[in-house]
Every structure is written in structure tokens, then in C-alpha cells.
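Chain residues, written in single-letter form:
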Amino acid sequence: MQKDLVIFSAGTSLGSFSDGAEDGPTTLLDRGLEGVLATGLRSVKLQQWGADRKHVGADRIENVRNARTLVPWLLGLRAAIIEQPSDAIPLVLGGDHAVATSSLLATRERHEGAVCVYIDAHPDVQAPGTSLTHNLHGMPVRIATGGALQEHFHGPYWSAKDIFYLAIKDIDQAEFDWIQSEGVRHATMDDITSVGIGEVMRQVRAWIAGRPVHVSYDIDAVDCLYAPGTGIQNNGGLTYREAAYIARQLAYEQLVALDLVEFNPQRDTDSMTADLSIELIAHLLGVRWDRYTRYLHHA
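Residues numbered from 1 in each chain as written. Predicted model: local features only at pLDDT ≥ 70, side-chain atom pairs only at ≥ 80, totals over all residues. Heavy atoms only, no water.

Caption draft 1: Inspection of the overall build of the protein chain at higher detail. Tallying secondary structure elements over the protein chain gives 11 helices and 8 strands in all. Whereas a compact globule of 299 residues would reach a radius of gyration of roughly 19 Å, the protein chain reaches 17 Å, a difference of no more than 12%. Once the C-alpha set of the protein chain is aligned to its principal axes, its extents read approximately 50 × 40 × 35 Å. Of all 299 residues assigned to the protein chain, the portion counted as buried reaches 60%. Considering only residue pairs separated by 6 or more positions, the protein chain has 74% of its internal contacts joining residues 24 or more positions apart. Put simply, the protein chain shows about 11900 Å² of open surface, and 49% of that area lies on carbon and sulfur atoms. For the protein chain, the distance from the average position of its 25 positive side-chain charges to the average position of its 38 negative side-chain charges is 4 Å. (Helix = DSSP H or I, 4+ residues; strand = E, 2+ residues; numbered from the N terminus. Rg over C-alpha atoms; globule rule 2.2 N^0.38 Å. Buried < 20%, exposed > 50% of the residue type's maximum accessible area, 1.4 Å probe, protein only. Contact = heavy atoms within 4.5 Å. Areas by Shrake-Rupley, 256 points an atom, 1.4 Å probe, with all protein chains shown as cover. Lys, Arg positive; Asp, Glu negative; His and termini not counted. Charge placed at Lys NZ, Arg CZ, Asp CG, Glu CD.)

Encoded structure:
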């Protein structure tokens, strides 16, 4: 079945310390993302979103950095996603992972019964009172489950049981405690190393069980050998083979929303991370675009 896609170019680094991440979406688009996806989708539309970067430091709500700028921007992004036709797939390009606050809450409103596969080195479930950095990109799951900034971000909220963490490895104590107390399904990098990505993905797909799925893919889940262009480089993350296999397996599911975040072109090497990001997006949407395909297209 052919799909309609709406790309949200949501460049911001205000939720992180990753200056340059705001240019991530533009870089992916300049490298031909729309054209690649158009080869396998019915339609591809683009909406531009960019966060004001002039407010820093004192611009806080509940001690969250840049929140007075970010919160209304994220609320606007959420509203724009909700306005899309129910059968259109929103692709949110970060920027940092703060944008998942908008996309997750929008999916919860648009698709009752959806689940989320959250692919990241970090669980992103800090609260304002537990975060050491006070960065919003470490809080989207906490906000989306109704555990932080509720007066700004209303529900419907996600249930923790509808989230599956994949490839997490850098887990703070407060995040570990939340995952354990909420009984959140997860496969750490140690789990992937222990049983293999094939078995892990069998478990993930059995858990999805045909339900609509939102995939939030943080490129920092991938080892920095393959994805150096990100805010927190990952030693010991997913290999190229594992990252691509995850994307191809999830393409068999009923994808209703997708995030690709934390790509920072200022920290990239020879466009490695940009090209990998485009490839992963394409795989997730059922479009083949790897090095061999690029060769065939003289790209």
C-alpha cells in the first residue's frame, strides 16, 4: 500500500547542548531526502519549522533550559501534526529529541491504541527535578507519559506499557528506577549483544502485535564509528548492520509516525551520518536506499 508522507523540518538545538543540530533537517533535505522517499511513496509534502535560538540561560520553566521558547514552539508543532489527515504519516526531523514531545503527544491523539518503539542510547525520561543538564531533549518520554510539565502539555498521555526501548545503554539512576517501577519493556545494548538483533526484533515485533506504531529513532543509538555526527557520540552502540536491520524489520509494521533526531551536521564526517539517516528513514518507510542503490543511481 502506498503511503502519504508529511515531513516536518523541525530544526532546533534548544533542548540540548548540541549546537548545530538545528541544521540537521535542512542538511538531510539538501542531500535529497524528499527525492529518495518520493520513489516509493504516493506523496511527500514538506512543512518547515524552526525554533528561535536567541533565548538561552534564564529562559526557563521549572528550571528547564530554554523552555519559554521551546514550549510554545513544541505546542505549535504538536497542533500542526494533529491537523494532518489520519492516513498521512508525519516524519519529524530533528533537531534534538525534544521534538518527540510534540510527535508522541500528537500520535496519542491521532491513533488510539498506538505503541512506540523508542530507539535511543538514552531513555529520555528525566523530570525537571531529576535532570542534571536541565535539557528538554532528555524529557520527552516523561512529558508524553504525563510525568512532567503537565500544565503546559495536556493529554491524552501515553501509558508506559505502550513503549518499548531499544538499544538503550546510557541510563541514569532516576531513569532506571522509572523503567523498573513502570515495568517498561526494553532491550539494552547488552541484551542485543547477548541474544542478537534477530531475536530482539522477534520480541519487539511480537510485542507490537499488529498495533499502529510510532518509531522514534535517535541517530545517537548508532555507534559513532558509523554515526559521528550527533550531540553525544556513542561508543558501543548499534552497528550499521543492526541499525539498518531494525529499520527494515519495523517497515513490516503499521507505521503511523516517525522521528529521526539528533543528527548534527557540524559534527559529521564526510556526510556519513547524513547518508545513514536518510537510509534509515527510507528503510523504515519501505524504500530501498543503501550504498548499492546510490551506486545504481550514480548518487
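Caption draft 2: Highlighting the pattern of salt bridges. Summed over all chains, the structure comprises 11 salt bridges. Across the salt bridge formed by Glu199 and Arg202, the nearest N and O atoms sit 3.2 Å from each other. Note that Glu199 and Arg202 are positioned in helix 8 (residues 197-208) at a spacing of 3 residues, about one turn of the helix. On the basis of relative accessible area, Arg202 is assigned to the exposed category, the value being 53%. Across the pair Arg294 and Glu279 runs a salt bridge, and its minimum N-O distance is 4.0 Å. Residue Arg294 is found in helix 11 (residues 291-296), and its partner Glu279 is found in helix 10 (residues 272-284); the two are separated by 15 residues along the sequence. For the pair Arg294 and Glu279, one class covers both residues: buried. (Salt bridge = Lys/Arg side-chain N within 4 Å of Asp/Glu carboxyl O.)

Caption draft 3: Representation of the nonpolar core in the model. Of all hydrophobic cores here, the largest spans 52 residues; its most connected members are Leu33, Leu37, Ile119, Leu166, Tyr217, Leu238 and Leu250. Looking at this core element by element, the count peaks at 7 residues for helix 10. Residue contacts for Leu238: discarding those within four places in its chain leaves Ile119, Ala167, Met189, Ile192, Tyr217, Ala221, Val222, Asp223, Tyr226, Ala243 and Ile246. In this structure, Ala80, Ile81, Ala144 and Leu149 belong to the second largest nonpolar core, which totals 43 residues. (Core = buried A, V, L, I, M, F, W, Y, C linked by side-chain atoms within 4.5 Å.)

Caption draft 4: Representation of the environment of Glu182. Relative to the helices and strands, Glu182 is located in helix 6 (residues 173-182). As for Glu182 and Leu260, which are separated by 78 residues in sequence, their C-alpha atoms are 26 Å apart.

Caption draft 5: Representation of the sheet that holds strand 8 (residues 255-261) in the model. With parallel pairing, 8 strands are arranged side by side in an open sheet as 2-1-3-8-7-4-5-6. In this open sheet, the two edge strands, each paired with only one partner strand, are strand 2 (43-50) and strand 6 (185-188). The sheet shows a mean angle of 15 degrees between the axes of neighbouring strands, taken without regard to direction. Bridge count between strand 1 (residues 4-11) and strand 2: 8 bridges; the pairing is parallel. By the bridge assignment for strand 2, Val6 is matched with Lys45. Contacts from helix 4 (residues 100-110) reach strand 3 (88-94), strand 4 (115-119), strand 7 (213-218) and strand 8, with the element oriented near 175 degrees to strand 8. (Pairing = 2+ DSSP bridges. Axes fitted to C-alpha atoms, helices over the stretch in contact; angles between N-to-C directions.)

Caption draft 6: Examining the pairing of strand 7 more closely. The buried count for strand 7 comes to 6 of 6 residues, which makes it a mostly enclosed element. Burial along strand 7 is two-sided: Val213, Val215 and Tyr217 facing one way and His214, Ser216 and Asp218 facing the other are all buried. The pairing of strand 7 with strand 8 spans 6 bridges and is classified as parallel. If you follow Val213 over to strand 8, its bridge partner there is Leu255. Note that the unit made of strand 7, helix 9 (residues 240-250) and strand 8 has a crossover that is right-handed. (Right-handed = clockwise from strand over helix to strand, strands pointing away.)

Caption draft 7: Up close: the packing of aromatic side chains. In this structure the tally under the stated criterion is 3 aromatic pairs. Their ring planes at 90 degrees and their centres at 5.7 Å tell us that Tyr118 and Tyr165 sit as a pair that is edge-to-face. A residue pair is termed long-range when its members are at least 10 positions apart, and Tyr118 in strand 4 and Tyr165 in strand 5 (residues 163-168) qualify at 47 residues. Note on Tyr292 and Tyr295: the rings are 6.1 Å apart at their centroids and 25 degrees apart in plane angle, and the pair reads as stacked. (Phe/Tyr/Trp six-rings, centres within 6.5 Å; stacked < 30°, edge-to-face > 60°.)

The quantities given are spatial measurements derived from coordinates; they are silent on function.
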